[in-house]
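Topology and contacts: notes
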Amino acid sequence: MGSGGLELPPGDEGHEGNSTDVPPGAVSLARPMNAGAIGPELDWDADAWHEVRTRAQRAGRAYIWLNLVEQRLRAVVAAVLRPVYEPVHGDEWVVAAAGPAGQEWVQRAVAVREVSRRKGYLLDPADDNVLSFLTLPQLRELMVQHWPCFEPYVDERRDVELALDELEVTRNVVSRNRALSEAVLNQAERASARLLEVLGTGSDLPSARRLPVDAVEDLVGDRYADVVAVHPDRVRLLRQFPAEDIFGRARRVDALGIGLNLLVQNFSGRRLLRLAESGGRVRLLFLNPASSAIKRRERELGIKRGELSRAVETNILHMRRVRSRLRDPGAFEIQVFDDTPRFTAYLVDGDGADGIAVVQSYLRRTRGMEAPVLVLRNGRNGGKVVKSDQVEEGGLFPTYREEFELMWADSRPVS
C-alpha cells in the first residue's frame, strides 16, 4: 500500500511475493521504457543538424541587425522627445509621450520593468527606464505620433516607415524562433542598413561605399584580422562583388599577378582610362610572358606550351592600347616580373585607410578562376572599422601591399 492509499503493482519476477494477479481497485503504474527504445526517435540526422544550424545562423544575423536598429531608434526617440516631456513629467516622460493612444502598451512596459527589477533582470542601471522596455513597433509609434518633432532630423518619413515595415516580418520570425528564409534575411539586412543610414549612423569609412560594412563584420570581424569575405572561387566573388563595385570610383589601382584577368577581362579599358585621366593612378604588374616561370606554370596546369604566355601577352597589349590614349602615360604604368608567381592581388586605394584588396593564392593544379578568394578591408583594428586617421598596421592588407611594392621595385617597365 502506497502512502496515497494506492496499491502498487507487483515487482519483477523472481522477487518474493511476486504475483501476476492484480487485486480489484489497484492502480497499475507504467514501467519505465528502455532508454534504447526512445533514443533513435530523438536523434537528429545530418540533414536535420544542417537545417537547424542554418536557421540559427540566419536568425543570429537578423538579431544583430534588429538589435542595432532598436538601440539606434531608442536613442533617437530619447534625444528628441525627452527634452519635450521630461521637464514637466520627470521620469514618467515616456508615459506622457505615449498619451491616451499608447496607454495600454506603455503600461505593459512599466509592468515588465517592475517585474525585471524585482527578479534582478536589470543588469545595467542604464536600462532601468521605461524606454528600454518598448518594442520596435512601439518606438515607431512614438515617432509617428510626434513626427513634427523628428522632421527636422529625418528627411523622409516614408523611408523610415517602409524600412520598419520590412523589418516587422523578420522581427516576428526571430522572436518566435521560426525559420527565416535567405530572401527575407537579405531584405532585412538591406532595410536595416538603409534605416541606420537615414537615422544618421551610416559608416563614415570611405570604403563602405565600395564594400558595405556588414553588421556582423562590425561586431566580430576582428576574429579574422582584416578579412571581410572568403569566396570558393572567382565566379562566386564576382557574383557577390562585381568588378564595377571593386574598381569603380577608385582613385588608385595596384594589381599584381600572372595575367590580371579579374581586372583586364571584367573592367572596361575606357573606365580605366577615365580613372587615370581624372587624377587616379594605375600600376599593373604582369608575369613576364617570356620568362621560365610562365613555362613552369603551364606545366603545373597541364596546358599546352605557349597557351598561358599568349594569354598574358594579349592582356598586356590591351593595357598598352589603353595607356597609349593617355596624355600623361605616367598615370598608367605597366611592368613585368620574372619571379615565381605566388599570388595575385588587386589593391584598390591601397595607400589609405579606405583600401580594399582581392587576393588569391596560386595552387599547383588550379586555375586562377577556380582558386579561393580573400577580400580584405584596410583600416580594421580592435574589432571595429577605424577612421582614416586611426589606421594601424595589424592585418593582412599591409603584408600584400608591402609585397607588391617590393616586386614593383624589382620589375621592369613595359614600353
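Residues numbered from 1 in each chain as written. Predicted model: local features only at pLDDT ≥ 70, side-chain atom pairs only at ≥ 80, totals over all residues. Heavy atoms only, no water.

1. A word on the overall build of the chain
Along the backbone of the chain there are 16 helices and 10 strands. Buried positions account for 41% of the 415 residues belonging to the chain. For the chain, the exposed area adds up to about 23,800 Å²; of that, 50% sits on carbon and sulfur atoms. (Helix = DSSP H or I, 4+ residues; strand = E, 2+ residues; numbered from the N terminus. Buried < 20%, exposed > 50% of the residue type's maximum accessible area, 1.4 Å probe, protein only. Areas by Shrake-Rupley, 256 points an atom, 1.4 Å probe, with all protein chains shown as cover.)

2. Quick look at the nonpolar core
One finds Phe 247, Leu 263, Leu 284, Phe 286, Met 319, Phe 332 and Tyr 346 to be the most contacted residues of the largest nonpolar core, which totals 59 residues. Not counting residues within four places of it along the chain, the set of residues in contact with Phe 332 comprises Leu 272, Ala 276, Val 282, Leu 284, Met 319, Val 322, Arg 323 and Leu 326. One finds Ala 78, Ala 98, Val 110 and Ala 188 within the second-largest nonpolar core, a separate group that totals 44 residues. (Core = buried A, V, L, I, M, F, W, Y, C linked by side-chain atoms within 4.5 Å. Contact = heavy atoms within 4.5 Å.)

3. Some details on the pattern of salt bridges
In total, this model carries 26 salt bridges according to the counting rule given. In this structure, Arg 74 and Glu 70 form a salt bridge, with 2.7 Å as the shortest nitrogen-oxygen distance. Taken as a pair, Arg 74 and Glu 70 lie in helix 2 (residues 46-89) at a separation of four residues, close to a single helical turn. Overall, the relative accessible area of 24% leaves Glu 70 in the partly exposed class. Where Arg 82 meets Glu 86, a salt bridge forms, and the shortest distance between an N and an O atom there is 3.3 Å. Of this pair, Arg 82 and Glu 86 both sit in helix 2, separated by four residues, roughly a single helical turn. Salt bridges sharing partners connect three or more residues here, namely Arg 251, Arg 252, Asp 254, Arg 283, Asp 351 and Glu 405. (Salt bridge = Lys/Arg side-chain N within 4 Å of Asp/Glu carboxyl O.)

4. A closer look at the sheet that holds strand 3 (residues 281-287)
Strand pairing within a sheet occurs via backbone hydrogen bonds; the two strands may be parallel or antiparallel. Pairing is mixed across the open sheet formed by eight strands, whose spatial order is 1-7-6-5-2-3-4-10. Unpaired on one side and paired on the other, strand 1 (227-231) and strand 10 (412-413) mark the two borders of the sheet. In the sheet, strand 6 (residues 356-361) pairs with strand 7 (residues 373-377) via four bridges, with the strands oriented antiparallel. Of the residues in strand 7, the one forming a bridge with Val 358 is Val 375. (Pairing = 2+ DSSP bridges.)

5. So, the packing of aromatic side chains
Geometrically, a pair of aromatic rings is defined through the distance of the ring centres and the angle of the planes. Inspection of the entire model under this criterion finds five aromatic pairs. Ring centres of Trp 44 and Trp 49 lie 4.9 Å apart, and the angle between their planes is 80°; this geometry places the pair in the edge-to-face category. By relative accessible area, which is 40% here, Trp 49 ends up partly exposed. An angle of 70° between the planes, with centres 6.0 Å apart, marks the rings of Phe 247 and Tyr 346 as edge-to-face. Of this pair, Phe 247 sits in helix 11 (residues 243-247) while Tyr 346 sits in strand 5 (residues 343-348), and the two are 99 residues apart along the sequence. Taken together through their ring pairs, the aromatic side chains of Phe 247, Phe 267 and Tyr 346 make up a single cluster. The side chain of Arg 283 reaches across the aromatic face of Trp 408, ending 5.2 Å from its centre. (Phe/Tyr/Trp six-rings, centres within 6.5 Å; stacked < 30°, edge-to-face > 60°. Lys NZ or Arg CZ within 6 Å of the ring centre and 35° of its normal.)

6. Regarding the layout of surface pockets
Taken as a whole, the second largest pocket holds about 410 Å³ of empty space. As for the second largest pocket, its lining consists of 20 residues, and the residues nearest its centre are Arg 234, Asn 261, Leu 308, Arg 367 and Gly 368. In terms of residue count, helix 15 (residues 307-324) provides more of the lining of the second largest pocket than any other element does, five residues in total. Of the residues belonging to the lining of the second largest pocket, the class tally is 10 nonpolar, six polar and four charged. (1 Å grid on protein atoms, 1.4 Å probe; cavity = no way out; pocket = protein on both sides within 12 Å on 5 of 7 lines; lining within 4 Å. Points joined across faces, edges and corners; volume = space filled by probe spheres on them. Nonpolar A, V, L, I, M, F, W, Y, C, P; charged D, E, K, R; others polar.)

7. Considering the pairing of strand 7
The element strand 7 is extensively covered by neighbouring structure, given that four of its five residues are classed as buried. Where strand 1 lies against strand 7, four bridges are found, and the strand directions are antiparallel. When the sheet's bridge partners are listed, Val 230 is paired in strand 7 with Leu 374.

8. Section: the environment of Asp 155
With respect to the helices and strands, the residue Asp 155 is situated in the loop between helix 6 (147-150) and helix 7 (157-175). Between the alpha carbons of Asp 155 and Val 198 there is a distance of 7.6 Å; along the sequence they are 43 residues apart.

9. Observations concerning helix 5 (residues 136-145)
Among all positions in helix 5, only Leu 136, Gln 138, Leu 139, Arg 140, Leu 142 and Met 143 are buried. Those residues of helix 5 hidden inside the fold are in contact with helix 2, helix 3 (93-98), helix 4 (103-119), helix 6 and helix 7.

10. Digging into the confidence of the model for the chain
Across the chain, pLDDT averages 84, with 82% of residues at or above 70. Segment residues 382-393 is flagged for pLDDT under 50; beyond a separation of four residues in sequence, or across chains, it makes 26 contacts in the model. (pLDDT = per-residue confidence, 0-100.)

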